[in-house]
Amino acid sequence: MSTEKGAAYSAWSNMVYSMRVHWRARPLTLICCGIAVLVGVGLPFVSILMPKIVIDNITAGVTPGKFILSVGMMALLLAVLSSVKSYADLITNDSVGTISIFKHLQTTMIKHLNMDYEVLESPGYAKKGEKAWRAMQSNHSPASNIPRVISQLLMNVLGFLTYGLVIVTVHPLIIVFLVLSAGINWMALTRARKLEKDTREERSKVQGKLWYIQKASKEPSGGKDVRLYNLNGLIGGIFQNVLNSSTEKEHKVATGDMKAQLSDSVLSLIRDGAAYAFLIYLLLNDKMTLGNFVLVFAAIGAFSGWLSGILRSSSELMRSLSEMSDIREYLDVPDNSNTGAGHKLPSEDMLPPAITLRNIGYTYPEAKEPTLHGIDLDIKPGERIAIVGPNGAGKTTLIKLLCGLYKPTSGEITLSGVDTTLYNRDDYFSLFSTVFQDIHLFCNDIAGNISQQSPDQTDYEKVKKCLEMSGLLDKVNGLDKGESTLLVRRVHSDAIELSGGEMQKLALARALYKDAPVIILDEPTAALDPIAESEIYQRYAELTAGRTSIYISHRLASTRFCDRILLVDGGGIAECGTHDELMSNGGKYAEMFNVQSHYYKDGEVADNAEALNLA
Ligand SMILES: Nc1ncnc2c1ncn2[C@@H]1O[C@H](COP(=O)(O)OP(=O)(O)OP(=O)(O)O)[C@@H](O)[C@H]1O
């Protein structure tokens with residue numbers, strides 16, 4: 001039995017997985033599910049047994065004392081079973097509604113935080129992620145519901161067997177008739193389930209679109225364009241169209257369910273009617289006692305309920321197990337890099353390391369053409385390299401390959417002569433301090449955002465020094481709470497907002513604090529004012545002292561303080577050399593430099609370079 005055609009996880013393994021999650025989170029949940037099965041059958045059984053006992057006692061003419069004792073015992077049993085059931089339901093509902101969902105959310109978040117960045121970024125993984133999120137979002141999400149549905153199924157099966165036994169003892173024909181009609185119901189329900197399953201992928205895609213539009217409309221980053229370009233009507237219209245498509249698809253499934261339920265009701269009516277008629281016939285012809293009549297009469301009504309319950313809960317279980325496959329498929333996406341034991345990193349005295357790229361190529365997941373190909377490069381320890389090139393040439397891609405966020409699709413990168421894939425991924429990351437174009441601040445204070453450590457592990461003197469070097473110290477000193485000022489207003493109401501340039505300075509301070517042997521800066525001054533930018537250039541030698549540095553910039557004048565300039569174009573390193581060499585080559589670099597310098601006053605670039613001691 002598998003949950004979906006071709007699904008990687010069998011129904012059985014999903015059940016075991018779900019049980020394990022619940023057992024680890026709160027063993028009492030599964031114990032309560034087991035209790036719910038027994039009490040769920042026992043409670044109604046005692047209810048239908050009671051009238052028989054009352055009638056049997058009356059017809060047998062027992063003494064009032066005996067009568068009160070037997071009926072009183074039954075009433076007491078009913079009260080105890082009711083209380084146990086309420087308690088078991090309470091625990092199960094609480095666990096399913098909270099613990100199970102939180103457990104899944106936590107597992108997914110941890111997966112998110114630990115997985116390879118390359119996989120995290122891939123569109124295929126994002127789609128899997130959305131499906132998994134949908135499977136665990138609501139309080140009564142089917143995936144979290146598995147133990148409860150299993151217990152309901154078991155309860156229905158047990159009820160079916162117990163009540164069936166009672167009916168069989170009276171007349172086996174009744175049970176044959178009841179089971180046959182249930183078979184017809186099963187077929188109707190299977191059809192409904194098949195429709196639900198066949199349209200699942202399609203419905204999931206539409207749901208994904210709805211999800212995306214809703215999420216995007218909430219993001220303040222897009223909010224400016226939405227307002228200034230008057231996009232609300234357009235986005236509202238797109239949302240409406242997708243919503244209509246979703247409603248239509250969901251409606252089909254709901255109609256299938258409704259038909260199945262309708263057929264269940266009609267068949268139940270015919271089935272029970274015929275069985276009751278047969279019972280009345282038996283009673284009227286003295287082939288059954290009044291007590292047994294009352295018992296079996298009630299048992300037939302309840303028996304129908306158990307049958308319908310088996311059909312309903314098994315169908316729901318299959319759906320829950322499919323949803324569980326979505327969650328597990330997401331959690332089981334493998335990492336490409338080495339997360340286990342790795343090659344020992346070079347010792348301190350061997351740092352910064354030599355890095356070599358041999359015939360490196362990279363094609364993004366689901367892309368047709370490689371972004372980079374045939375890249376050969378030797379980066380000497382302590383070298384200062386500038387990377388320039390047109391937009392979309394692959395500069396950021398190249399540095400992501402260097403610092404291990406991407407794995408080359410061809411070729412080999414070595415660090416201190418060792419293939420970088422042999423190092424443990426996180427060990428390897430420790431060698432790089434980076435500032436990327438898109439800066440992310442964490443909901444922590446300024447010091448924590450720089451040290452990326454807890455307050456007791458943060459070196460506040462070092463934080464101050466890094467703030468000073470990145471040019472943010474004056475701003476921080478001017479704040480009431482200094483470096484203890486919180487960031488990210490969405491989380492902390494007393495947090496402050498930093499400007500784009502200030503965020504860039506903070507990211508630089510963070511990179512300096514990490515103090516790794518290789519520092520990689522992707523347009524770190526793009527948002528800085530000219531004075532702040534000039535200060536960074538002046539301090540570049542100090543900022544990168546004792547480290548290898550790789551610096552991406554579109555301001556070509558600023559790259560002159562590097563030992564070597566690489567021009568990335570056409571998927572490879574098109575030009576490589578010092579500023580003077582590239583200028584005298586008269587290639588693309590020279591062309592780009594001349595176009596840019598055209599906008600400066602004659603001689604200014606050279607003067608600036610001199611003033612900065614860079615020429
Ligand atoms: N996550 C991604 N998935 C697929 N393609 C991508 C992804 N990121 C970048 N690309 C593509 O790879 C190419 C190189 O992108 P990259 O960001 O490396 O360029 P760049 O040289 O840094 O550009 P810029 O100067 O504009 O920052 C681009 O054509 C881009 O569309």
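Residues numbered from 1 in each chain as written. Predicted model: local features only at pLDDT ≥ 70, side-chain atom pairs only at ≥ 80, totals over all residues. Heavy atoms only, no water.

A few points about the side chain of S314
Assignment of secondary structure puts S314 in helix α11 (residues 290-331). Judged by relative accessible area, which is 12%, S314 ranks as buried. Within the local environment of S314, its side chain forms a polar contact with the backbone oxygen of I310, the two atoms lying 2.7 Å apart. With residues near it in sequence (within four places) discarded, S314 still touches L153, W186 and G309. (Helix = DSSP H or I, 4+ residues; strand = E, 2+ residues; numbered from the N terminus. Buried < 20%, exposed > 50% of the residue type's maximum accessible area, 1.4 Å probe, protein only. Polar contact = N/O pair within 3.5 Å; in protein donor to acceptor, adjacent residues only side chain to side chain. Contact = heavy atoms within 4.5 Å.)

Some thoughts on the sheet that holds strand β7 (residues 518-522)
Two strands in a sheet stick together by hydrogen bonds in their backbones, pointing the same way (parallel) or opposite ways (antiparallel). One open sheet holds the six strands; their spatial order is β6-β7-β8-β3-β9-β10, and the pairing between them is mixed. Two strands close off the open sheet at either side, each with one partner strand: β6 (432-435) and β10 (572-577). Averaged over all adjacent pairs, the angle separating strand axes in this sheet is 15°, with direction ignored. When strand β3 (residues 384-388) meets strand β9 (residues 564-569), the two strands line up parallel, connected through four bridges. Across the sheet, the residue bridging to V388 is L567, located in β9. (Pairing = 2+ DSSP bridges. Axes fitted to C-alpha atoms, helices over the stretch in contact; angles between N-to-C directions.)

Some thoughts on the UniProt feature "domain: ABC transmembrane type-1" (unreviewed entry) in the protein
In this structure's numbering, the residues bearing the UniProt feature "domain: ABC transmembrane type-1" (unreviewed entry) are residues 146-319. Here residues 146-319 runs as 94% helix and 0% strand, with 10 Å between its end C-alpha atoms. (UniProt positions renumbered as here; feature names shortened; annotations may be inferred.)

With respect to the pattern of salt bridges
Enumeration according to the criterion identifies 21 salt bridges in this entry. A salt bridge links E383 to R564; its shortest N-O distance comes to 2.6 Å. Here the residue E383 occupies a position in the loop between β2 (372-379) and β3, and R564 occupies one in strand β9, the gap between them amounting to 181 residues. For E383, a relative accessible area of 7% puts it in the buried group. Between E483 and K464 there is a salt bridge, with its nearest N and O atoms 3.3 Å apart. Here E483, found in the loop between α16 (473-477) and α17 (500-514), pairs with K464, found in helix α15 (residues 460-470); they are 19 residues apart in sequence, far enough to count as distant. A relative accessible area of 30% means that K464 is categorised as partly exposed. (Salt bridge = Lys/Arg side-chain N within 4 Å of Asp/Glu carboxyl O.)

Focus: α15
Among all positions in α15, only V463, C466, L467, M469 and S470 are buried. Considered in projection along α15, the buried side chains sweep an arc of 165° and stay on one side of the axis. Those residues of α15 that are buried are in contact with α14 (446-451), α16, α17, α18 (530-538) and α19 (540-543). The residue sitting at the N-terminus of α15 and contributing the capping side-chain oxygen is D459; that oxygen lies 3.2 Å from the backbone nitrogen of E461. Residue G471 follows α15 closely and has a positive phi angle near 85°. (Arc of directions from axis to C-beta.)

Looking at the nonpolar core
Membership of the largest hydrophobic core comes to 42 residues, with the highest contact counts inside it found for I446, I450, L467, L506 and Y589. For this core, the leading source of residues is α17, giving seven residues. Contact partners of L467, with chain neighbours within four places excluded, come to I446, I450, L472, L473, V476 and A509. If you look at the next biggest cluster of nonpolar residues, it comprises 32 residues, including I355, I399, L402 and L415. (Core = buried A, V, L, I, M, F, W, Y, C linked by side-chain atoms within 4.5 Å.)

What about the UniProt feature "domain: ABC transporter" (unreviewed entry) in the protein?
Under the UniProt annotation, the feature "domain: ABC transporter" (unreviewed entry) is placed at residues 355-595. Annotated as residues 355-595, this span is 32% helix and 23% strand, and its ends, taken at the C-alpha atoms, are 33 Å apart.

Quick look at the packing of helix α7 (residues 172-198) against α11
Where α7 meets α11, the closest approach of the two axes is 10 Å, and the angle between their N-to-C directions is 25°. One finds that α7 runs roughly parallel with respect to α11. Between α7 and α11 lies a crossing whose hand is right-handed. Contacts between α7 and α11 involve I174, I175, L178, A182, N185, W186, L189, R193 and E196 on the former and, on the latter, I300, F303, L307, L311, R312, S314, S315, M318, R319 and S322. Per-class residue counts for the contact of α7 with α11 are eleven nonpolar, four polar and four charged. (Parallel < 35°, antiparallel > 145°, perpendicular 65-115°, else oblique. Left-handed = near helix turned anticlockwise from the far one by under 90°. Nonpolar A, V, L, I, M, F, W, Y, C, P; charged D, E, K, R; others polar.)

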